Amino acid sequence: MQNAMFPPVMQVFKSTSTSTPLNTDFSKVVHTKTEQISSTFECVDADIKRIQLLFSEIEKGHAYVSPYDTAWVAMVPSLENSQLPQFPQCLSWIMDNQLSNGSWGLSNFPYNKDHLSHTLACIIALKRWNLGIKNVNMGLKFIKENIGQITNEDCYNPTGFDLIFAAMLEDARDLSLDLPYDSPPIELMLTKREQILKSIGIDHLNEYKPSMVFIIEGIRNIVDWDKVLRHESTDGSLFHSPSATACALMHTKKSNCLMYLNSMLGNLESGVPSVYPIKLITGLSMVDMLERLGIARHFKCETKQVLDNVYRCWKENEIIQGISSTSDIINSSISFRVLRSNGYDVSPDLFLNYLKNGVFLQSLENSGQAVIAMLNLYKASQLMFQGERVLEEAKSLSQNYLENIKMDEQNTVLCEEVKYALAVPWKASLERIEHLRYIKNFGFDDIRIGKTSYRIPCLGNDCFLSLAKNDYNICLAVQKEDLQELEKWSVDSKLGSLHFARNTVVDSYFSAASTLFSPEMSTARIVWTKIAALTVLMDDFYDVASSDSIEELQYFVDAVKRWDPTVICNHSDNVKILFSAIYNTVNDIAQDAWVFQGRDVSTHLREMWYKLAISMMEEAEWVKHGYIPTLEEYIETGKITIGLEPIVFTALYFVEPEISELTINHHEYNSLMDLVSICGRLLNDIQTYERETKQGKINSVSLFMKEYPGTSVENATEWMRQTVNESTQKLLRNLLQPSVLPRESKQLYWNLAKIVHLYYLNSDEITSPTAMLKHIRAIIFDPVS
């Protein structure tokens with residue numbers, strides 16, 4: 001049986017040395033470092049203030065400008081004089097924001113259909129008012145050069161592209177714009193438009209679906225506008241779409257539509273966004289970004305305000321608009337994931353909107369967002385509790401989609417993200433690894449595609465990335481100080497003299513720093529590391545001593561029980577060094593805990609170590625006497641000897657808030673510990689079964705097959721994985737649902753469960769840690785540039 005959690009990773013620990021050469025002017029070194037740190041803190045403070053201002057910008061409605069929507073608003077004639085534009089400022093914006101290649105839209109955006117939609121709308125607007133002749137000619141040149149793309153099925157389609165672009169081509173012809181109307185691509189598109197309209201059968205519809213009204217620009221000449229206006233929002237818009245609302249204003253002269261556009265431009269001046277207002281999605285996206293960058297802790301008040309608003313919209317079923325299954329899946333998936341992970345009580349029943357005849361949506365429109373939609377759905381589905389069937393179906397669908405979709409090779413970052421998400425499930429993804437990945441791939445998914453592409457407002461601001469990098473490096477500087485303290489502790493405790501033992505200080509520290517990364521968690525990280533390293537040493541000691549002298553193990557157990565160093569004076573150096581290290585470390589931790597908790601916790605700490613010692617002793621006696629325990633006996637003991645309880649319970653005393661003795665003995669803590677330990681024990685046994693079988697060791701896989709004759713290794717392993725999954729889901733529910741226990745305390749159990757899942761994801765990382773070396777170096781040694 002393999003016990004304890006953390007493996008040695010070569011000699012990485014040596015790289016923590018920060019000794020200064022004797023010929024270096026130490027005062028200059030200190031002065032330089034002080035200046036650098038001071039400068040970094042100033043940058044952090046400045047970026048925090050800038051982001052706080054961006055939160056206030058959400059309320060003002062500032063948004064990314066869409067040339068397409070700006071053009072449609074620019075087309076609106078004055079209600080007082082139809083020979084003049086109602087919104088001339090939009091025309092000025094169009095003339096001032098053309099790209100050098102003659103198109104309009106996001107620069108460096110790879111999809112031509114998007115640029116074609118922006119560009120055709122802009123030149124129609126300019127031509128209608130006989131403005132910007134040079135702009136129009138440049139735009140026509142771009143369209144002519146790229147017109148063949150409009151029927152390219154391999155290109156992503158903006159929402160409603162086949163109807164809207166074809167309708168705009170007819171407008172262009174009416175305005176005598178010089179385009180190749182007899183060319184095969186245009187003729188093919190117009191034919192396809194007629195086929196689509198025929199299949200819709202607009203004349204026979206009693207009601208128009210939201211998705212149809214959203215793209216009203218493409219069918220404006222053949223609809224019943226009374227039916228269209230049934231979808232008018234309270235603010236006068238059609239689904240908060242400026243282009244659709246402008247189209248409605250031109251055809252109906254409806255005052256509410258004018259009020260909506262006037263209100264929008266009163267806030268935004270000249271450029272028009274794709275969606276207005278966009279407060280909900282902007283705020284949600286900002287919170288999601290801050291969490292993924294690892295800097296959300298600086299904005300707790302702002303985050304709560306945003307999420308409270310998102311939660312209200314969730315309960316009132318305002319997340320789904322019905323205009324696009326892709327955008328709805330993205331918005332509902334992010335909302336669900338962020339809300340549930342922050343402890344809001346959200347039901348997954350909203351995802352039933354994507355069920356058709358009991359089967360989850362089998363296809364999405366061919367848009368650039370389909371992969372991002374499925375990626376977000378896949379991530380959201382992994383926060384499922386037991387019995388949430390709709391999330392099980394969502395996970396199955398999205399996983400199958402992502403595994404089989406032919407990815408766009410132009411978007412290499414998205415390809416990497418999909419591969420990583422499929423390889424590392426959320427239950428095995430450690431926060432700091434995720435933060436570092438997103439810092440390096442920042443902004444890969446900040447573009448949305450509706451009728452055209454647009455960026456979520458604020459998200460492209462460089463202050464997010466600047467704060468994330470500086471904050472990361474500040475945390476790293478504190479972690480290096482932690483490691484220096486731990487190196488000194490290891491030397492003072494003479495742990496290097498235990499030649500039989502694994503040196504796991506760095507590995508243990510990684511498990512702490514990858515989840516408890518903030519500077520104020522320094523003491524908790526150090527305590528976590530010391531206890532984790534000592535449990536591994538104790539496990540190694542029992543492995544060696546049980547094969548030599550069972551009596552020495554008994555002496556050690558007696559010493560732990562009495563908590564008296566004098567009883568080991570006449571025993572081996574191994575017993576002396578190990579017990580002294582545990583004794584001194586635990587006593588020091590108890591003193592530090594007094595400062596944090598205001599009470600003596602030493603008795604609780606000693607009881608945990610004695611519990612671990614007698615349980616390891618029981619396993620050693622099984623081996624000596626050749627006793628084969630039942631599966632139940634084995635798991636009950638193995639949950640203790642996996643060595644997780646001392647780690648998490650000791651660290652609890654150094655994570656706010658204060659924990660009373662009554663609370664620490666609450667049955668929920670024991671339940672959480674039981675679930676984490678089951679995961680650790682069974683995942684360990686699944687990965688080590690073959691090796692331990694060859695070594696003649698006891699393992700839960702072999703015991704399961706013994707108790708259920710005829711069971712294959714595969715079936716026994718599957719039963720254990722199912723047990724682990726059920727335990728993980730129960731643990732997640734306990735973490736996220738309100739209880740008498742502080743969320744900060746319960747989070748430690750979830751952190752530990754994630755670490756266990758990652759270490760045993762593909763191999764036995766306990767004895768073969770090479771796969772973790774890259775993560776360890778990145779998280780605790782390498783600053784981000």
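Every residue gets a number counted from 1 within its own chain, in the order that chain's sequence is written. Local features are withheld for residues below a pLDDT of 70 in this predicted model, meaning they are given only at 70 or higher, and side-chain atom pairs are given and counted only at 80 or more; totals for whole chains, interfaces and linings count all residues. As a rule here, side-chain values come from all non-hydrogen atoms in the structure, and water together with hydrogens is ignored.

Asker: Report on the overall build of the protein, specifying residues and quantitative values.
Answerer: Counting from the N terminus, the helices are the DSSP runs of H or I reaching at least four residues and the strands are the DSSP runs of E reaching at least two. Scanning the protein from N- to C-terminus turns up 32 helices and four strands. Between buried and exposed lies partly exposed: a residue is buried under 20% and exposed over 50% of the maximum accessible area for its type, with that area taken using a 1.4 Å probe on protein chains only. Put simply, the protein has 785 residues, and 56% of those count as buried. Should any heavy atoms of two residues lie within 4.5 Å, those residues are counted as being in contact. Sequence separation of 24 or more characterises 74% of the internal contacts of the protein that already satisfy a separation of 6 or more. Accessible surface computed for the protein: about 33700 Å², of which carbon and sulfur atoms make up 50%. The accessible surface values rely on the Shrake-Rupley method and a 1.4 Å probe; as for residues, cover is taken only from the protein chains in view.

Asker: Before we move on, can you summarise the pattern of salt bridges with the specific residues and values?
Answerer: Counted as salt bridges are all cases of a side-chain nitrogen of Lys or Arg within 4 Å of a carboxyl oxygen of Asp or Glu. Within the structure shown, the criterion is met by 28 salt bridges. Among the ionic pairs, Asp288 bridges to Arg292, the shortest N-O distance being 3.4 Å. On the criterion of helical spacing, the pair formed by Asp288 and Arg292 is a turn pair, its members being four residues apart in helix α12 (residues 279–293). Of the two residues, Asp288 and Arg292, both sit in the buried class. Residue Arg337 pairs with Asp288 through a salt bridge whose shortest N-O separation is 3.0 Å. Residue Arg337 is located in helix α14 (residues 325–341), and its partner Asp288 is located in helix α12; the two are separated by 49 residues in the primary sequence. Among the residues examined, Arg337 registers a relative accessible area of 13% and is labelled buried. The exposure class of Asp288 is buried, given its relative accessible area of 4%.

Asker: Tell me about the packing of aromatic side chains, residues and numbers included.
Answerer: In this analysis, rings of Phe, Tyr and Trp, with Trp reduced to its six-membered ring, are considered paired at centre separations within 6.5 Å, and the interplanar angle assigns stacked below 30 degrees, edge-to-face beyond 60, and tilted for intermediate values. What the rule picks out here adds up to 24 aromatic pairs. Look at Trp563 and Phe579: their rings are 6.0 Å apart centre to centre, the planes differ by 75 degrees, and that puts the pair in the edge-to-face class. Remark: Phe579 occurs in helix α23 (residues 573–597) and Trp563 occurs in the loop between α22 (550–562) and α23; sequence separation between them is 16 residues. Between Trp622 and Tyr627, the aromatic rings sit 6.3 Å apart at their centres with planes inclined by 50 degrees, giving tilted as the arrangement. Residue Trp622 is classed as buried on the basis of its relative accessible area of 7%. By way of ring pairs, the aromatic residues Phe500, Phe541, Tyr542, Phe556, Trp563, Phe579 and Tyr583 are connected into one cluster. Above the face of the Phe214 ring, Lys451 is positioned so that its terminal group lies 4.4 Å from the ring centre. By definition here, charges over rings are those cases where NZ of Lys or CZ of Arg is within 6 Å of the ring centre and within 35 degrees of the ring normal.

Asker: Which residues make up the packing of helix α30 (residues 713–736) against helix α31 (residues 743–759), and what values go with them?
Answerer: Contact geometry for α30 and α31: axes closest at 9 Å, N-to-C directions at 155 degrees. Looking at the two axes, α30 sits roughly antiparallel to α31. As α30 runs across α31, the sense of the crossing is left-handed. Here Val724, Thr728, Leu731, Leu732, Asn734, Leu735 and Leu736 of α30 come into contact with α31, specifically with Arg743, Lys746, Gln747, Tyr749, Trp750, Ala753 and His757. To obtain each axis, a line is fitted to C-alpha atoms, and for helices this fit is confined to the stretch in contact; angles are then taken between N-to-C directions over 0 to 180 degrees. Orientation labels follow simple angle bins: below 35 degrees gives roughly parallel, above 145 gives roughly antiparallel, 65 to 115 gives roughly perpendicular, and whatever is left gives oblique. Definitions for this section: a left-handed crossing has its near helix turned counterclockwise from the far helix by less than a right angle. A right-handed crossing has that turn clockwise.

Asker: I'd love a proper account of the nonpolar core, names of residues and values included.
Answerer: Note on soluble globular proteins: their nonpolar side chains tend to be buried together. To define a nonpolar core, start from buried Ala, Val, Leu, Ile, Met, Phe, Trp, Tyr and Cys residues and group those joined through side-chain atoms within 4.5 Å. Counting 187 residues, the largest nonpolar core has Trp528, Tyr542, Phe556 and Tyr749 as its most contacted members. No other element matches the twelve residues that helix α21 (residues 522–548) contributes to this core. When residues no more than four places from it in sequence are discounted, the contact partners of Phe556 are Met538, Phe541, Tyr542, Val575, Leu578, Phe579 and Ile582. The next biggest cluster of nonpolar side chains, apart from the first, holds 72 residues, and it includes Met212, Leu238, Leu249 and Met250.

Asker: Help me get a handle on the environment of Ser580, residues and values and all.
Answerer: With respect to the helices, strands and loops of the structure, Ser580 is situated in helix α23. Judged by its relative accessible area of 27%, Ser580 falls in the partly exposed class. Considering only alpha carbons, one finds Ser580 and Ile568, twelve residues apart in sequence, at a separation of 9.1 Å. Contacts of Ser580, omitting those with residues within four sequence positions, involve Ile568 and Val575.

Asker: A description of the confidence of the model for the protein should follow, citing residues and the corresponding values.
Answerer: Per-residue confidence from the prediction method is given by pLDDT, with values spanning 0 to 100. For the protein, per-residue confidence averages 88 on the pLDDT scale, and residues scoring 70 or more make up 89% of the total. With pLDDT under 50 throughout, residues 8–35 is counted as low confidence; its partners more than four residues away or in other chains account for 29 contacts.

Asker: Which residues make up helix α4 (residues 112–128), and what values do they have?
Answerer: Given 3.6 residues per turn, any residue in an α-helix points the same way as the ones three and four places further on. Compared with the 24 Å implied by 1.5 Å per residue over 17 residues, the 24 Å span of α4 between its first and last C-alpha is a close match. Backbone geometry just downstream of α4 places Asn130 in the positive-phi region, at approximately 55 degrees. Here a helix's expected span is defined as the number of its residues, less one, multiplied by 1.5 Å.

Asker: So what about a negative patch on the surface? Which residues, and what values?
Answerer: Like charges within 9 Å and nonpolar side chains (Val, Leu, Ile, Met, Phe, Trp, Tyr) within 5 Å are joined into patches, using only residues over 30% in relative accessible area that form no salt bridge. Asp and Glu are treated as the negative residues and Lys and Arg as the positive ones, with His and the ends of the chain left uncounted. A single reference atom marks each charge: NZ on Lys, CZ on Arg, CG on Asp, CD on Glu. Side chains of Glu618, Glu621, Glu632, Glu633 and Glu707 sit close together on the surface and give a patch of like negative charge. For Glu632, the location among the structural elements is in helix α25 (residues 631–641). Note on Glu632: relative accessible area 62%, which makes it exposed.

Asker: A description of α14 should follow, citing residues and the corresponding values.
Answerer: With 17 residues, α14 should cover 24 Å at 1.5 Å per step; its first-to-last C-alpha distance of 24 Å lies within 8% of that length. Counting buried residues along α14, 15 of its 17 residues qualify, which places the element largely inside the surrounding structure. Positive phi appears at Gly343, one or two residues downstream of α14, with a value of about 90 degrees.

Asker: Got a sec to walk through the packing of helix α24 (residues 602–625) against helix α26 (residues 645–652)? Specific residues and values, please.
Answerer: Interhelical geometry of α24 versus α26 gives an angle of 175 degrees and a closest axis separation of 10 Å. Between α24 and α26, the crossing angle belongs to the class labelled roughly antiparallel. Facing α24, whose interface residues are His604, Leu605, Met608, Trp609, Lys611 and Leu612, α26 presents Glu645, Pro646, Phe649 and Thr650. Taken together, the residues of the contact of α24 with α26 sort by class into six nonpolar, two polar and two charged. Lys, Arg, Asp and Glu make up the charged group, whereas Ala, Val, Leu, Ile, Met, Phe, Trp, Tyr, Cys and Pro make up the nonpolar group; the residues left over, Gly among them, are polar.

Asker: So what about the side chain of Ser381? Which residues, and what values?
Answerer: Within the secondary structure, Ser381 is located in helix α15 (residues 370–381). Other than its neighbours up to four places away in sequence, Ser381 contacts Leu391, Ala394, Lys395 and Ser398.

Asker: Lay out the environment of Ser92 in plain terms, naming residues and giving numbers.
Answerer: Locating Ser92 in the fold gives a position in helix α3 (residues 88–96). Using a relative accessible area of 37% as the deciding quantity, one classes Ser92 as partly exposed.

Asker: With reference to specific residues and values, describe the side chain of Ser700.
Answerer: Here Ser700 lies in helix α29 (residues 700–707). Sequence-distant contacts of Ser700, that is, excluding residues within four places in its chain, are made with Leu631, Tyr634, Leu682, Asp685 and Met720.

Asker: Tell me about the environment of Ser727, residues and numbers included.
Answerer: Tracing the chain through its elements places Ser727 in helix α30. Sequence separation between Ser727 and Leu675 is 52 residues; the distance between their C-alpha atoms is 5.4 Å. If sequence neighbours within four positions are ignored, Ser727 has contacts with Leu675, Ile678 and Cys679.

Asker: Describe unusual backbone geometry, and please don't skip the residues or the numbers.
Answerer: Between Tyr276 and the following residue, Pro277, the backbone shows a cis peptide bond with an omega angle of -5 degrees. One can find Pro277 in the loop between α11 (255–268) and α12. Of note, His240 is a non-glycine position whose phi angle comes to about 55 degrees, a positive value. Structurally, His240 can be placed in the loop between α9 (225–229) and α10 (242–252). One non-glycine residue with positive phi stands out, namely Asn317, at about 55 degrees. Inspection of the secondary structure assignment puts Asn317 in the loop between α13 (300–315) and α14. Residue class for Asn317 comes out partly exposed when judged on its relative accessible area of 48%.

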